[in-house]
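# A closer look at the structure
Here is what each chain is made of, one letter per residue.
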Amino acid sequence: CCRSSAGDGVSSVDYHAILPAVLLAATVLVVLVVDAFLPRRFSWAVMPLGFVGVLASLVAALTLIGEDITTFGGHYVVDDFTVLFQVFFLIVAAVVLAMSLRYVREGGFYQGEYYFLLLTAFLGCIMMPTSRTLLLTAALCCGASILPLPALAAAYEAPLEGEAWQQADLAY
């Protein structure tokens, strides 16, 4: 029925269950660090790094199909529901990354920051369906309420004029 990583009363971590989130979190950190040291003219190179990280996380999520895993003392659950949403959000992330390369490159935006914020938002998206307890659900709902903040930060980086600033504030 269900595989639990807790054995003999000691809570252990099932690393296979958390692998998609760990890979995407590592990708977020790599994008942040690489962008900090790249010259501005090469900042487009963080997009392929982010894309590879999203694909690696997607492959890890696909390996969880058909699994029922509970870890972190029952707070983190991987089942078909979780895998469905993780795969959906990771596919959306890959499509958004692929579509935004030219737009961000030609628009003169800060590319590293954009990709960092985008990947961070998708990390929150793939973490939300894993919670099964009230405490973790409440924490993730608070996280969901700040989920639009990366979009707002990206909007402030864009060269907006006149009433466009007010529209960006209203959108938040």
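Note that this is a predicted model, so its numbers are computed, not measured.

Moving on: the overall build of the protein chain. Within the protein chain, the regular secondary structure consists of seven helices and three strands. Order of helices (α) and strands (β) in the protein chain, N terminus to C terminus: β-α-α-β-β-α-α-α-α-α. The buried share of the protein chain, taken over its 172 residues, is 34%. Taking all contacts inside the protein chain whose residues are at least 6 apart in sequence as the whole, residues at least 24 apart take part in 68%. Only carbon and sulfur atoms are counted for the fraction: they give 71% of the accessible area of the protein chain, which is about 9700 Å².

Locating alanine 121 in the fold gives a position in helix H4 (residues 111-127). Classification of alanine 121 by relative accessible area gives buried; the value is 16%.

On to the packing of helix H1 (residues 15-37) against helix H2 (residues 46-62), then. Two numbers describe a pair of packed helices, the interaxial angle and the distance between the axes. Taken N-terminus to C-terminus, the directions of H1 and H2 make an angle of 175 degrees; their axes are 8 Å apart at the nearest point. One way to sum up the angle between H1 and H2 is to call them roughly antiparallel. For the pair formed by H1 and H2, the contact residues are Leu19, Pro20, Ala21, Leu23, Leu24, Thr27, Val30, Val31, Val34 and Asp35 on the first element and Val46, Leu49, Gly50, Gly53, Val54, Ala56, Ser57, Ala60 and Ala61 on the second. Of the residues belonging to the contact of H1 with H2, the class tally is 14 nonpolar, four polar and one charged.

With that out of the way, let us pick up H4. Residue pairs spaced three or four apart in an α-helix point in one direction, given the helix's 3.6 residues per turn. In this model H4 runs 24 Å from its N-terminal to its C-terminal C-alpha over 17 residues, within 8% of the 24 Å that 1.5 Å per residue would give. Three or more residues of H4 are buried, namely Gln111, Gly112, Tyr115, Leu117, Leu118, Leu119, Ala121, Phe122, Leu123, Cys125 and Ile126.

What counts and what doesn't
Residues numbered from 1 in each chain as written. Predicted model: local features only at pLDDT ≥ 70, side-chain atom pairs only at ≥ 80, totals over all residues. Heavy atoms only, no water. Helix = DSSP H or I, 4+ residues; strand = E, 2+ residues; numbered from the N terminus. Buried < 20%, exposed > 50% of the residue type's maximum accessible area, 1.4 Å probe, protein only. Contact = heavy atoms within 4.5 Å. Areas by Shrake-Rupley, 256 points an atom, 1.4 Å probe, with all protein chains shown as cover. Axes fitted to C-alpha atoms, helices over the stretch in contact; angles between N-to-C directions. Parallel < 35°, antiparallel > 145°, perpendicular 65-115°, else oblique. Nonpolar A, V, L, I, M, F, W, Y, C, P; charged D, E, K, R; others polar. Expected span 1.5 Å × (residues − 1).

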